[in-house]
Amino acid sequence: MCSNGRCIPGAWQCDGLPDCFDKSDEKECPKVKSKCGPTFFPCASGIHCIIGRFRCNGFEDCPDGSDEENCTANPLLCSTARYHCKNGLCIDKSFICDGQNNCQDNSDEESCESSQEST
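How each quantity is defined
- Within each chain, residues carry numbers counting from 1 in the order of the written sequence.
- Only residues with pLDDT of at least 70 are given local features in this predicted model, and only at 80 or more are side-chain atom pairs given and counted; all residues enter the totals for whole chains, interfaces and linings.
- Water and hydrogen atoms were dropped before computing side-chain values, which therefore reflect all heavy atoms in the structure.
- Numbering of helices and strands runs from the N terminus; a helix is a DSSP stretch of H or I covering at least four residues, while a strand is a stretch of E covering at least two.
- In the sections that follow, a salt bridge refers to a side-chain nitrogen of Lys or Arg positioned within 4 Å of a carboxyl oxygen of Asp or Glu.
- Relative accessibility under 20% of the residue-type maximum defines a buried residue, over 50% an exposed one, and the middle range a partly exposed one, all with a 1.4 Å probe and only protein chains included.
- Counting rule for disulfides: a pair of cysteine sulfur atoms within 2.5 Å.
- Confidence of the predictor in every single residue is expressed as pLDDT, which spans 0 to 100.
- Any two residues whose heavy atoms approach within 4.5 Å are treated as being in contact.
- In protein, a polar contact means a hydrogen-donor-capable atom and an acceptor-capable atom, both N or O and within 3.5 Å, with residues adjacent in sequence counting only if both atoms are side-chain atoms; elsewhere, any N or O pair within 3.5 Å suffices.
- By definition, no residue in a patch forms a salt bridge, and every one has over 30% relative accessible area; like charges are joined within 9 Å, nonpolar side chains (Val, Leu, Ile, Met, Phe, Trp, Tyr) within 5 Å.
- Using a 1.4 Å probe, the Shrake-Rupley method yields the accessible areas, and only the shown protein chains count as cover for residues.
- When charges are counted, Lys and Arg are positive and Asp and Glu negative, with His and the chain ends excluded.
- Charged groups are reduced to one reference atom each: NZ for lysine, CZ for arginine, CG for aspartic acid, CD for glutamic acid.

Colleague: Outline the environment of G5, listing residues and values.
Modeller: Looking at the secondary structure, you find G5 in the segment before β1 (40-42). Note: C-alpha distance between G5 and C20 (15 residues apart in sequence) is 9.5 Å.

Below is the structure:
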C-alpha cells in the first residue's frame, strides 16, 4: 500500500521504478541487492542482476557497467576457472578462441590459428 492509501502489486515495491505517486514504494528499500540470487551479481542500479561469473569478464553485462568496476582489486578475479589475459584482465575460459577479442589485447585469440583454420 502506498502512503496515500493506493495499492499496487507487491512485486512492484523496491523494483527501482516508482509506482506510487509519492514514490513511497521505493523508499526504505535497504535489501535491493538481496533480490539477486546467491550466484548472481547485483548491478549498482539495484534493478538488474547478472550471472555472477559474468562479473569482471571484460564485458559490461550490467547496463550501468558496474560489473566491470573495481575488478583489479577482486581476489577471485583470476581463479583457475578463468583465463588470465596478458594485460591483466581475466575472462571466462569459454571466450578463448571464440574469434572475438575478449581480452582487449587479443591475447585470448593469439594461439588459435590452427583450430580456427582447420574447417
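Colleague: Could you give me a rundown of the pattern of salt bridges, with the residues and numbers involved?
Modeller: Using the criterion set out here, one finds 2 salt bridges in the structure. Among the ionic pairs, R53 bridges to D92, the shortest N-O distance being 3.3 Å. On the criterion of sequence distance, the pair formed by R53 in the loop between β2 (49-51) and β3 (82-84) and D92 in strand β4 (residues 90-92) is long-range, its members being 39 residues apart. Here K86 makes a salt bridge to E110, at a shortest N to O gap of 2.7 Å. Of the two residues, K86 is situated in the loop between β3 and β4 and E110 in the loop between β4 and α1 (113-117); the sequence distance between them amounts to 24 residues. We classify K86 as exposed; its relative accessible area is 64%.

Colleague: Lay out the state of the cysteines in plain terms, naming residues and giving numbers.
Modeller: Using the criterion set out here, one finds 5 disulfides in the structure. The residue that forms a disulfide with C43 is C62, at a sulfur-sulfur distance of 1.9 Å. In this structure the cystine formed by C43 and C62 twists about its S-S bond by roughly -85°; its chirality is therefore left-handed. Of this pair, C43 sits in the loop between β1 and β2 while C62 is found in the loop between β2 and β3, placing the two residues 19 residues apart along the sequence. Here C43 matches C62 in class, with each residue buried. Residue C7 stays outside any disulfide, its sulfur separated by 7.4 Å from that of C2, the closest cysteine.

Colleague: With reference to specific residues and values, describe the confidence of the model for the chain.
Modeller: Mean pLDDT over the chain works out to 77, with 81% of the residues at or above the 70 mark. Of the regions scoring below 50 in pLDDT, residues 115-119 engages in 1 contact with residues more than four places distant in sequence or in other chains.

Colleague: Outline the environment of S24, supporting the account with residue identities and numerical values.
Modeller: Within the secondary structure layout, S24 lies in the segment before β1. Through-space distance from the C-alpha of S24 to that of S3 is 6.1 Å; in sequence the pair is 21 residues apart. Dropping the residues within four chain positions of it, S24 is found in contact with C2 and S3. A distance of 2.9 Å separates polar atoms of two side chains, one belonging to S24 and the other to D22.

Colleague: Explain a negative patch on the surface to me, and be specific about the residues and the numbers.
Modeller: A contiguous patch of negative charge on the surface is contributed by E60, D61, D64 and E69. Looking at the secondary structure, you find E60 in the loop between β2 and β3. Overall, E60 belongs to the exposed group, its relative accessible area being 60%.

Colleague: Just give me the short version of the environment of S45, but keep the residues and values in it.
Modeller: Mapped onto the secondary structure, S45 falls in the loop between β1 and β2. Spatially, the C-alpha atom of S45 lies 8.6 Å from that of C62, the residues being 17 residues apart in sequence.

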